[in-house]
Amino acid sequence: GGGGGSIAGISTTGTSHFANLQLTGITTGLNVSGVSTFQSHVELGDSDELRLGASDDLQLWHNGSQSYISNITGNLNIRTTSSAGDINLNSNDNVSIKVQGGNETAATFTQNGSVDLYYDNSKKFETTNTGATVTGTLTATSFSGDGSALTGIAVTASSNVQVTYDISSNGSSAYRITGPGYSG
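Here the structure is a predicted model, which means the values were calculated and not measured. (Residues numbered from 1 in each chain as written. Predicted model: local features only at pLDDT ≥ 70, side-chain atom pairs only at ≥ 80, totals over all residues. Heavy atoms only, no water.)

**Side note on the overall build of the protein**
In plain terms, the rule: The helix and strand labels rest on DSSP assignments: H or I over at least four residues marks a helix, E over at least two residues marks a strand, and numbering proceeds from the N terminus. Between buried and exposed lies partly exposed: a residue is buried under 20% and exposed over 50% of the maximum accessible area for its type, with that area taken using a 1.4 Å probe on protein chains only. Here, residues are in contact when the closest pair of their heavy atoms is within 4.5 Å.
Secondary structure summary: the protein contains zero helices and 11 strands in total. Along the protein, helices (α) and strands (β) appear in the sequence β-β-β-β-β-β-β-β-β-β-β when read from the amino end. In the protein, which comprises 184 residues, the share counted as buried stands at 4%. Sequence separation of at least 24 residues holds for 3% of the intrachain contacts in the protein that already meet a minimum separation of 6.

**Here's the deal with the sheet that holds strand 1 (residues 49-52)**
Note the following rule: Strand pairing is defined by DSSP finding a minimum of two bridges between the two strands. Only C-alpha atoms enter the line fits that serve as axes; for helices the fit covers just the stretch in contact. Angles between N-to-C directions range over 0 to 180 degrees.
Pairing in this open sheet of three strands is antiparallel, and the strands run 1-2-3 from one edge to the other. Where the open sheet ends on each side, the last strands, each with one partner, are strand 1 and strand 3 (67-71). For this sheet, the mean angle separating the axes of adjacent strands, direction not counted, is 10 degrees.

**Concerning the sheet that holds strand 7 (residues 122-128)**
Strand pairs in the sheet, formed through backbone hydrogen bonds, run parallel or antiparallel to each other. Within the open sheet, the five strands sit side by side as 4-5-6-7-8. Their pairing is antiparallel. Two strands lie at the open edges of the sheet, namely strand 4 (95-99) and strand 8 (131-134), each paired on one side alone. Strand-to-strand twist in this sheet, taken as the mean axis angle between neighbours without regard to direction, amounts to 20 degrees. As paired strands, strand 6 (residues 115-119) and strand 7 are joined by four bridges and run antiparallel to one another. Along strand 7, the bridge assignment pairs aspartate 116 with glutamate 126.

**Some details on the pattern of salt bridges**
For clarity, the threshold we go by: Salt bridges, as used here, are contacts in which a Lys or Arg side-chain nitrogen is within 4 Å of a carboxyl oxygen on Asp or Glu.
For the coordinates displayed, the defined rule picks out four salt bridges. For the salt bridge of aspartate 56 with arginine 51, the shortest nitrogen-to-oxygen distance reads 3.4 Å. When the shortest N-O distance is used, the salt bridge between glutamate 126 and lysine 123 registers 3.5 Å. On the basis of relative accessible area, glutamate 126 is assigned to the partly exposed category, the value being 26%. When its relative accessible area of 30% is taken as the criterion, lysine 123 is described as partly exposed. The network of salt bridges with common partners includes Glu49, Arg51 and Asp56.

**Let's talk about the packing of aromatic side chains**
To keep things clear, this is the line we draw: Aromatic rings from Phe, Tyr and Trp, taking only the six-membered ring of Trp, are treated as a pair when their centres fall within 6.5 Å; an angle between ring planes under 30 degrees marks them as stacked, one over 60 as edge-to-face, and anything in between as tilted.
The full count for this structure, using the stated rule, is one aromatic pair. Ring geometry for tryptophan 61 and tyrosine 68: centres 5.1 Å apart, planes at 15 degrees, overall stacked. Owing to a relative accessible area of 33%, tyrosine 68 belongs among the partly exposed residues under this scheme.

**Regarding the confidence of the model for the protein**
For clarity, the cut-off: pLDDT runs from 0 to 100 and stands for how confident the predictor is about each residue.
In the predicted model, the protein carries a mean pLDDT of 80, and 73% of its residues have values of at least 70. Here strand 11 (residues 182-183) is the element of the protein with the lowest mean pLDDT, 52, and strand 6 is the one with the highest, 97. Every residue in residues 1-6 scores below 50 in pLDDT, and together they form 11 contacts with partners more than four places removed in sequence or on other chains.

**Considering the pairing of strand 4**
Sheet analysis places strand 4 next to strand 5 (residues 104-109), joined by five bridges and oriented antiparallel. If you follow valine 95 over to strand 5, its bridge partner there is phenylalanine 109. Connecting strand 4 to the antiparallel partner strand 5 that follows it, the hairpin turn spans four residues, and glutamine 100 within it adopts a positive phi of roughly 55 degrees.

**Structural notes on the side chain of serine 114**
Where we set the bar: Any pair of N or O atoms that falls within 3.5 Å is considered a polar contact. Within protein, one atom must be able to donate a hydrogen and the other to accept it, and sequence-neighbouring residues count only if both atoms are side-chain atoms.
If you trace the backbone, serine 114 turns up in the loop between strand 5 and strand 6. Only 3.0 Å separates the side chain of serine 114 from the side chain of aspartate 116, close enough to count as a polar contact. Residues in contact with serine 114, not counting those within four places in the same chain, are Thr108, Phe109, Glu126 and Thr127.

See the structure below:
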């Protein structure tokens, strides 16, 4: 001991040290106020939950085959306050980010493979071993380079499309696309 105690009701005041305290037969819970310090670890069985918050707002558990962190109030914020602290997600396989209660994929990160980004559960961007593939329309506010290496731009003789590249006297440059009914 170190500050008092009554083992029958296990009531202590001050600081108490127990080398090996085993409580059995407690069916209504153990209430501890103040700071509790554990020197090693807390063991919970499969599907037993660690619950935090006045309304059990944050729950952590393992069901025997998968582990869960569940937040039922507000945002779940993961942060580091260290000036050199990064946040790392580590997986032995793939990582998926899902929204809408886990029913909609937002992003997947495949081991030794692609990074895929989704819009409304539809893949729109995929990295490949040679670059990236965009499904749909790609809009950019600027373009760098001369465009000479661009491939797959189909212009047929019947389309009447002209692409010109202009460099002005002050060194600025621009592409100009013209065609039937459009001049931009």
